[in-house]
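Secondary and tertiary structure notes
Below are the chains, spelled out letter by letter.
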Amino acid sequence: MLINCHGDTPLVLDTIAAARPHFDNILAVVDGTSWDGWGAKADLGVAKLHGFSHGVPSAPWRNYTLGLRELHRTYPADWYCYAEPDTLFCSGDFKEDLEKFSKAGVWAA
């Protein structure tokens, strides 16, 4: 699973805690504009990656792509999940949907 983040440790930690029961591997990509002031120092308890400097709240496509590339290289899998740091995972029911999509030949959902 990929989390794109830039700060607010309690919020990011809450998302990680909610995701842990559902994902074996979690990677946090930290916006490069936040790396020196927050990212390098934040103890998130998951793998972290120094992302590209973006610094705005929308469309961080380069960091999405960087994170997905690193996930694919480090943790080969059939599917990957992306989340913002304010996502709450309340159940693992989404995995049933992914199984249905996979059987139908859907490659992105």
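Residues numbered from 1 in each chain as written. Predicted model: local features only at pLDDT ≥ 70, side-chain atom pairs only at ≥ 80, totals over all residues. Heavy atoms only, no water.

Observations regarding the overall build of the protein chain
Check the secondary structure of the protein chain and you find four helices and four strands. Listing each helix as α and each strand as β along the protein chain from the N terminus yields β-α-β-α-β-α-β-α. On the principal axes, the C-alpha backbone points of the protein chain span a range of 45 × 25 × 25 Å. The buried share of the protein chain, reckoned over its 109 residues, is 36%. A sequence separation of at least 24 residues applies to 54% of the contacts in the protein chain between residues at least 6 apart. In the protein chain, the 9 positive side-chain charges and the 14 negative ones have mean positions that sit 6 Å from each other. (Helix = DSSP H or I, 4+ residues; strand = E, 2+ residues; numbered from the N terminus. Buried < 20%, exposed > 50% of the residue type's maximum accessible area, 1.4 Å probe, protein only. Contact = heavy atoms within 4.5 Å. Lys, Arg positive; Asp, Glu negative; His and termini not counted. Charge placed at Lys NZ, Arg CZ, Asp CG, Glu CD.)

Considerations on the sheet that holds strand β2 (residues 27-30)
Spatially, the four strands line up as an open sheet ordered β3-β2-β1-β4, and their pairing is parallel. The open sheet is flanked by β3 (47-50) and β4 (82-83), the only strands paired with a single partner. Pairing geometry for strand β1 (residues 2-5) and β2, over four bridges, is parallel. Pairing of N4 across the sheet is with V29, part of β2. Contacts from helix α3 (residues 61-74) reach β1, β2, β3 and β4 within the one sheet, and its direction differs from that of β1 by about 145 degrees. (Pairing = 2+ DSSP bridges. Axes fitted to C-alpha atoms, helices over the stretch in contact; angles between N-to-C directions.)

Quick notes on the state of the cysteines
Evaluation of the coordinates by the stated rule reveals zero disulfides. Left without a disulfide partner, C90 is nearest to the cysteine sulfur of C81, which lies 13 Å away. (Disulfide = S-S within 2.5 Å.)

A few points about the packing of aromatic side chains
By the definition in use, this model includes seven aromatic pairs. Centroid distance F23 to F89: 5.3 Å. Interplanar angle 75 degrees. Geometry classified as edge-to-face. Taken as a pair, F23 in the loop between α1 (9-19) and β2 and F89 in the loop between β4 and α4 (94-103) lie far apart in primary sequence, 66 residues in all. For F23, a relative accessible area of 9% translates into the label buried. Residue F89 is classed as buried on the basis of its relative accessible area, which comes to 14%. Both rings, one in W79 and one in F94, keep their centres 6.2 Å apart while their planes meet at 85 degrees; by these two values the pair is edge-to-face. Of this pair, W79 sits in the loop between α3 and β4 while F94 sits in helix α4; the two residues are 15 residues apart in sequence, bridging distant segments of the chain. According to the relative accessible area criterion, W79 is partly exposed, its value standing at 34%. (Phe/Tyr/Trp six-rings, centres within 6.5 Å; stacked < 30°, edge-to-face > 60°.)

Thoughts on the nonpolar core
Formed by 19 residues in total, the largest nonpolar core has its most connected members in M1, I26, L44 and F89. For this core, the elements supplying multiple residues, two or more each, are β1, α1, β2 and α2 (32-39). Here the element with the most residues in this core is α1; it accounts for four residues. Apart from residues lying up to four places away in sequence, F89 is in contact with M1, A18, A19, H22, F23, C81, A83 and F94. Within the second largest apolar cluster, six residues are counted, among which are L2, L27, V29 and L66. (Core = buried A, V, L, I, M, F, W, Y, C linked by side-chain atoms within 4.5 Å.)

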